[in-house]
Amino acid sequence: MVEEILSNWQAQSQQQQFNAILTVAYKERVIAYYHEFKKQLANQAQKINIAMTFSFGNENDPDNVDPEIINTMFNDYAEFTGIKFIAGDKKHGEQAYFEDVVERATRGGSGRNGKNIDLVIVADQLLTGYDSKRLNTLYVDRTLKLQNLIQAYSRTNRVFGSSKEFGTIVNFQTPRLTEQMVNQALELYGSGSSSSKAIVETYATAVRILANDLEQLVLTLADPTQWQLIQHDDKKLTEFSKAFKIAADQLNIVQQYYEYQWDNTTFGMTEHRWLQYVGAFKNLTAKESTTKMPTIVPTLIGKTKLAGTQVIDAAHILSLIGSKVKHVDGVQTVNDETKRIIYEQIQELSQMGEDQQAKILKEFVDTELLTGRLSSQIHFDQAFTNWKNDKIKHAVNQFANEWGIDSKLLLQAITEFELSKSDNVPYFAEIIQTIDLSKANKDIDNLFMLNLALHDELPRWMTEIKQQFN
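One structure accompanies this document, and this report is about it.

Cut-off values and rules
- Residues numbered from 1 in each chain as written.
- Predicted model: local features only at pLDDT ≥ 70, side-chain atom pairs only at ≥ 80, totals over all residues.
- Heavy atoms only, no water.
- Helix = DSSP H or I, 4+ residues; strand = E, 2+ residues; numbered from the N terminus.
- Buried < 20%, exposed > 50% of the residue type's maximum accessible area, 1.4 Å probe, protein only.
- Contact = heavy atoms within 4.5 Å.
- Areas by Shrake-Rupley, 256 points an atom, 1.4 Å probe, with all protein chains shown as cover.
- Salt bridge = Lys/Arg side-chain N within 4 Å of Asp/Glu carboxyl O.
- Pairing = 2+ DSSP bridges.
- Axes fitted to C-alpha atoms, helices over the stretch in contact; angles between N-to-C directions.
- Parallel < 35°, antiparallel > 145°, perpendicular 65-115°, else oblique.
- Left-handed = near helix turned anticlockwise from the far one by under 90°.
- Expected span 1.5 Å × (residues − 1).
- Polar contact = N/O pair within 3.5 Å; in protein donor to acceptor, adjacent residues only side chain to side chain.
- Phe/Tyr/Trp six-rings, centres within 6.5 Å; stacked < 30°, edge-to-face > 60°.
- Core = buried A, V, L, I, M, F, W, Y, C linked by side-chain atoms within 4.5 Å.
- Patch = residues over 30% accessible without salt bridge, like charges linked within 9 Å, V, L, I, M, F, W, Y side chains within 5 Å.

1. Regarding the overall build of the protein chain
- Looking only at helices and strands, the protein chain has 18 helices and 7 strands in total.
- When each of the 470 residues of the protein chain is scored for burial, the buried share is 44%.
- Pairs at least 24 residues apart make up 69% of the contacts formed inside the protein chain by residues separated by at least 6 positions.
- In the form shown here, the protein chain has an accessible surface area of approximately 25100 Å², with 49% of it arising from carbon and sulfur atoms.

The following block contains the structure:
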């Protein structure tokens, strides 16, 4: 069971952004699980912060835990939290430890902060009166019935935006009997009707909905690599955007199921094809700064047929070209086969939603690399950066001359400009103050009207340039 939990950890916790509880019967089982986790993790590269807690009782209890076990537990806890508790200490002992575990467990997994707890192993503690929006999984290796079942399962029921549409319960014991117990508990303590949403649709049902959504998406654009065909057709573009958002939202839900694994047959589409649809949507909405990208849960490690394959991005292509160039007579050059691979990769980059970057890379390859203008004295990626910066400076000078404003201040502004804050132009007031009507090349002979026009044009132009050369 430990092996199963660990093999699926990164995916289920969404790269340790969320955490989990494992509940077992009796404190002896808590300790046994804790030791087994430590044993298996010692041979793995992944680091998972694990804590355990149970009823410590008092000094007269016959089933007290060996003090050495508690001291080891406290030492392990101190390794990732930096807080050392002392067995038997009234102020910094077992009760203080339990309170820290309860509070720390609400913060999510160690992917958010290295001092957070990823997994808490418990017997009966934390199963009532405790909930956290960053707890997304309850692992169960015990029998739970009626109100105890409802209370335990409810630990995961706080949704948390699109990344946690529901909590997940993973039972390791008697699945059919467990299902009967769940149904019995819901009849007694749930809404009392068949409309109860205490349990989400089965994975198979969620996948059928997704397959239908993807089928509808294909009807709006049969080939996502041909997205330019609908670029200027408002009706078709609206239909595609609507269908894409519906499919993306449903995929987000499907990816949160414990059983999730991309399946070309049941989904009716390969994952690579889906990524091309994502790319088409990004390309078609690139200039709409107000368009919000549907939440698409990042591809989960270990749960995708594409896991481990090379992500095609600008950095990858630059690295690829840099490794393939030959140096002949003091210049960088490539052979025909390498040129074919470069163009193929650039096309793939465009299809993945980075059409602007693809165009810039292709222009650089065509005008600089293939014409023999790149010296062997400079690394390829640095040559590209220098070329790109020169293009930005040229665009800045053109815009500054057109509007009669200070080019140095404008260059500084676009360097600091952020696409995520497109309405906030750095040094906006200072730039406006540099307007020189006599130097402006605009059909506007009134300073106030020129000022007003620049207020509208500057954010739009900066967004366009930043998107182009980002």
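2. Some details on the pattern of salt bridges
- All chains considered together, the criterion is met by 15 salt bridges.
- Across the pair D76 and K38 runs a salt bridge, and its minimum N-O distance is 2.8 Å. With D76 in helix 4 (residues 67-81) and K38 in helix 3 (residues 27-41), the pair connects residues that are 38 residues apart, well separated along the chain.
- When its relative accessible area of 17% is taken as the criterion, D76 is described as buried.
- Assessed through its relative accessible area of 37%, K38 is described here as partly exposed.
- The residue E368 makes a salt bridge to R373 at a minimum N-O spacing of 3.6 Å.
- Counted as one network, the salt bridges with shared partners bring together E337, R340 and E344.

3. Topic: the pairing of strand 2 (residues 50-53)
- Of the two faces of strand 2, the one carrying I50 and M52 and the one carrying A51 and T53 are both buried.
- Sheet topology places strand 2 next to strand 3 (residues 119-122); 4 bridges connect them, and they run parallel. Across the sheet, residue I50 finds its bridge partner in strand 3, namely L119.

4. What to know about the packing of helix 3 against helix 4
- Two elements in contact, helix 3 and helix 4, have axes whose closest approach is 13 Å; the angle formed by their N-to-C orientations is 45 degrees. Comparing the axis directions of helix 3 and helix 4 gives the class oblique. Between helix 3 and helix 4 the crossing geometry is left-handed. Within the contact between the two elements, helix 3 uses I31, Y34 and K38 and helix 4 uses I69, T72, M73 and D76.

5. Comments concerning helix 13 (residues 336-351)
- Helix length check: helix 13, at 16 residues, gives a terminal C-alpha distance of 23 Å against a target of 22 Å (1.5 Å per residue), a fit within 8%.
- Residues T338, I342, Q345, I346, E348, L349, S350 and Q351 constitute the buried set of helix 13.
- On its buried face, helix 13 sits against helix 11 (271-284), helix 12 (314-324) and helix 14 (355-369).
- For helix 13, the N-terminal cap is N335; the gap from its side-chain oxygen to the backbone nitrogen of E337 is 3.3 Å.
- Looking one or two places after helix 13, you find G353, whose phi comes out positive at around 100 degrees.

6. Side note on unusual backbone geometry
- A positive phi angle, near 65 degrees, is found at Q16, a position not held by glycine.
- Counting through the fold element by element, Q16 comes out in the loop between helix 2 (9-12) and strand 1 (19-24).
- Despite not being glycine, D329 has its phi angle at roughly 50 degrees, a positive value.
- Mapping D329 onto the fold places it in the loop between strand 6 (326-328) and strand 7 (331-333).
- Owing to a relative accessible area of 79%, D329 belongs among the exposed residues under this scheme.

7. Some words on the packing of aromatic side chains
- One pass over the structure, following the stated rule, counts 22 aromatic pairs.
- With 6.4 Å between their ring centres and 25 degrees between their planes, W9 and Y139 make a pair best called stacked. Placement of W9 in helix 2 and of Y139 in strand 4 (residues 135-141) is noted, with a sequence separation of 130 residues between them. The burial state of W9 is the same as that of Y139; both residues are buried.
- Taken together, a centroid distance of 5.2 Å and an interplanar angle of 50 degrees make the contact between F364 and W387 tilted. In this pair, F364 sits in helix 14 while W387 sits in helix 15 (residues 380-403), placing the two residues 23 residues apart along the sequence.
- In textbook terms, an aromatic cluster arises when at least three aromatic residues are bridged by ring pairs, as seen for F74, Y77, F80, F85 and Y97.

8. Comments concerning the nonpolar core
- The biggest cluster of nonpolar side chains holds 51 residues, and the ones touching the most others in it are F37, Y97, L119, I121 and Y139.
- Element by element, the count of residues in this core is highest for helix 3, at 6 residues.
- With residues up to four places along the chain from it excluded, the contact list for L119 reads W9, A20, I21, L22, F37, N49, I50, A51 and Y139.
- Counting residues in each nonpolar core, the second largest holds 45 residues, with F364, L369, F417 and L454 among its members.

9. Let's talk about a nonpolar patch on the surface
- The grouping of F448, M449 and L452 at the surface amounts to a nonpolar patch, some 310 Å² of accessible area in total.
- One can find L452 in helix 18 (residues 447-469).
- Judged by relative accessible area, L452 falls into the partly exposed class, the value being 43%.

10. Some remarks on helix 15
- For helix 15, spanning 24 residues, the distance from its first C-alpha to its last is 35 Å, which sits close to the expected 34 Å at 1.5 Å a residue.
- Buried within helix 15 are the following residues: F380, A383, F384, W387, K388, I392, A395, V396, F399, A400 and W403.
- Summarising the contacts, the buried residues of helix 15 are in contact with helix 12, strand 7, helix 14, helix 16 (407-416) and helix 18.
- Following helix 15 by one or two positions, G404 adopts a phi angle in the positive range, close to 70 degrees.

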